[in-house]
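The primary structure of each chain is shown beneath.
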Amino acid sequence: MNFKGTLPTLILEALHHEPSHGYRIAQSIKERSQGVLDFKEGTLYPALHKLENEGMVESYDGSEKTRPRRYYRITKSGRKMLTRDRAEWRAHSQAVTAILGEA
Amino acid sequence: MIELENWLTQATRHLSRDSAAQVRGEIQEHFDSAREEAIVGGATSDEADRSALVALGDAKAANRLYRQVLLTSAEARMLRDGNREAHPVCSRPWLKWLIFAVFPVALVVAAGLIFSGRGSAGRDVLTGAIGICPLAAALLLPIRTPAWGRVFRIVKWVALVGALMLIYGPETFQWSWLLISCLWPLAWTEWIRARIRRKLPVASWPRHLYL
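My aim in this report is to walk through the structure given alongside it, one point at a time. (Residues numbered from 1 in each chain as written. Chains lettered and ligands numbered in written order. Predicted model: local features only at pLDDT ≥ 70, side-chain atom pairs only at ≥ 80, totals over all residues. Heavy atoms only, no water.)

1. Here we look at the overall build of chain A
Filter applied, for reference: Helix numbers and strand numbers start at the N terminus; a helix is a DSSP run of H or I with at least 4 residues, a strand a run of E with at least 2. A 1.4 Å probe rolled over the protein chains alone gives each residue an accessible area, and that area as a share of the maximum for its type sets the label: buried under 20%, exposed over 50%, partly exposed in between. Contacts are assigned to residue pairs with any non-hydrogen atoms lying within 4.5 Å of each other. Computed with the Shrake-Rupley method and a 1.4 Å probe, the accessible areas treat only the protein chains shown as cover for residues. For this count, His and the chain ends are skipped, Lys and Arg are scored as positive, and Asp and Glu as negative. Working definition for charges: the position is that of NZ of Lys, CZ of Arg, CG of Asp or CD of Glu.
When its secondary structure is counted, chain A shows 4 helices and 3 strands. N-terminal to C-terminal, the α/β element order of chain A is α-β-α-α-β-β-α. The C-alpha extent of chain A, read off along each of the three principal axes, is 50 × 30 × 20 Å. Buried positions account for 39% of the 103 residues belonging to chain A. At a minimum sequence separation of 6, the contacts of chain A that also span at least 24 residues come to 44%. Surface exposure of chain A reaches about 6300 Å², of which carbon and sulfur atoms provide 54%. Seen as two clouds, the 17 positive and the 13 negative side-chain charges of chain A have centres 2 Å apart.

Right under this line is the structure:
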């Protein structure tokens, strides 16, 4: 499914509860959408770097099962953006549902 | 693995050395995790390699996205060498003060020439003073926030274009081809710096990125 433009919001949502590394973020999005949002994983990192440049997430070095990992965590500005995006999405989806009708 | 190496070569094309190393590290890490999980799920080594690579998607598309957020080699070079023109001035305090003194001296001389009836010469001196003003200001003004940097850049371009319009007067448009060919390296530098500003957090901006 094409979900261009919403990947940053989905990444912020995946990081909302705990810091995570790239691979786990990708799997979390796929699993929570039950495979509907099946995106190319090579596009995940540019989106993560963009969020990092904008100060929405920050990265740090960690490890998982002795393997070094780059972890990402959401910042205060990231949380604010996520709240705003959720509200926008809710309004948008209600408007589309009102036009198309409930399935 | 050759296929992954090809993917990485395409995905890191035109990126700076540091950016390319970062991409290689994160993609290798991602690939290893995907491969490991596929093997745990019962795939053979070859199948695991293939599925991990397919999951990464198109390397050229990834490269386009990476170039929008990470420094390219041209941008990294500019970041490294961008302040080169200021070094000879900043390393010689007398030269710095000389440049700073040029503007008020030129203003006084221009006013003197205009009041003594030599308006044309006075206008030329005034134009030179306006042209040199951004150079002196860049060295001495405490521009340390993005907002002040933006104001300075607007003033700099207005002063530069204004000075050229004063020099050429009504013939500015007739000579526009010459002005554009002279100014395009400056405009290009400005464009690359704008791209670097979008990619680097403000905390790691060197001084010349503000100007």
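2. Focus: the pairing of strand β2 (residues 57–64) of chain A
Residue and element names in this part refer to chain A. Worth spelling out the cut-off: Pairing between strands requires that DSSP locate at least two bridges from one strand to the other.
Bridge analysis of β2 against strand β3 (residues 67–74) gives 8 bridges, and the strand direction is antiparallel. By the bridge assignment for β3, Glu-58 is matched with Arg-73. The antiparallel hairpin formed by β2 and β3 contains 2 residues in its connecting segment, where Lys-65 sits at a positive phi of about 50 degrees.

3. Observations regarding the interface of chain B and chain A
Note the cut-off: The quantity reported as buried area is the accessible area (1.4 Å probe) lost by two parts once they are put together, taken as the sum for both. What makes a salt bridge here is a side-chain nitrogen of Lys or Arg within 4 Å of a carboxyl oxygen of Asp or Glu, nothing more. Here a polar contact means two N or O atoms within 3.5 Å. Within protein one must be a hydrogen donor candidate and the other an acceptor candidate, and residues neighboring in sequence count only if both atoms are side-chain atoms.
At the interface, 22 residues of chain B touch 19 residues of chain A. Three residues, Glu-29, His-30 and Val-69 of chain B, lead the burial of chain B against chain A; their summed loss comes to 32% of the area buried on that side. Applying the counting rule to chain B against chain A returns 2 salt bridges. Applying the counting rule to chain B against chain A returns 11 residue pairs in polar contact (both at pLDDT 80 or more). Elements that contribute at least two residues to the side of chain B that touches chain A include exactly α2 (17–40), α3 (45–56), α4 (59–69) and α10 (176–199) of chain B. In terms of residue count, the dominant contributor to the side of chain B that touches chain A is α2 of chain B (10 residues).

4. Describing the nonpolar core
Going by this rule: To qualify as a nonpolar core, a set must consist of buried Ala, Val, Leu, Ile, Met, Phe, Trp, Tyr and Cys residues joined through side-chain atoms within 4.5 Å.
Core analysis: the largest hydrophobic core is formed by 40 residues, its most contacted members being Ile-11, Leu-12, Ile-25 and Leu-44 of chain A together with Trp-7, Ile-27 and Tyr-66 of chain B. Ignoring sequence-local partners within four residues, the contact set of Tyr-66 of chain B consists of Gly-42, Tyr-45, Pro-46 and His-49 of chain A together with Ala-11, Leu-15, Val-23, Glu-26 and Ile-27 of chain B. Listed in part, the 13 residues of the second largest apolar core include Ile-143, Phe-152, Leu-200 and Leu-209 of chain B.

5. Structural notes on unusual backbone geometry
Residues other than glycine seldom take positive phi values, yet His-14 of chain B does so here, at roughly 70 degrees. Within the secondary structure, His-14 of chain B sits in the loop between α1 (2–11) and α2.

6. With respect to the pairing of β3 of chain A
A regular strand places its side chains on the two faces of the sheet in alternate fashion. Relative to β3 of chain A, strand β1 (residues 20–21) of chain A runs antiparallel, the two being bridged by 2 bridges. Of the residues in β3 of chain A, the one forming a bridge with Ser-20 of chain A is Tyr-72 of chain A.

7. Focus on the side chain of Glu-41 of chain A
On the secondary structure map, Glu-41 of chain A appears in the loop between α2 (22–32) and α3 (44–53). Judged by relative accessible area, which is 3%, Glu-41 of chain A ranks as buried. Within the local environment of Glu-41 of chain A, its side chain forms a polar contact with the side chain of Lys-30 of chain A, the two groups lying 2.6 Å apart. Residues in contact with Glu-41 of chain A, not counting those within four places in the same chain, are Tyr-23, Ala-26, Gln-27 and Lys-30 of chain A together with His-30, Ala-55 and Leu-56 of chain B.

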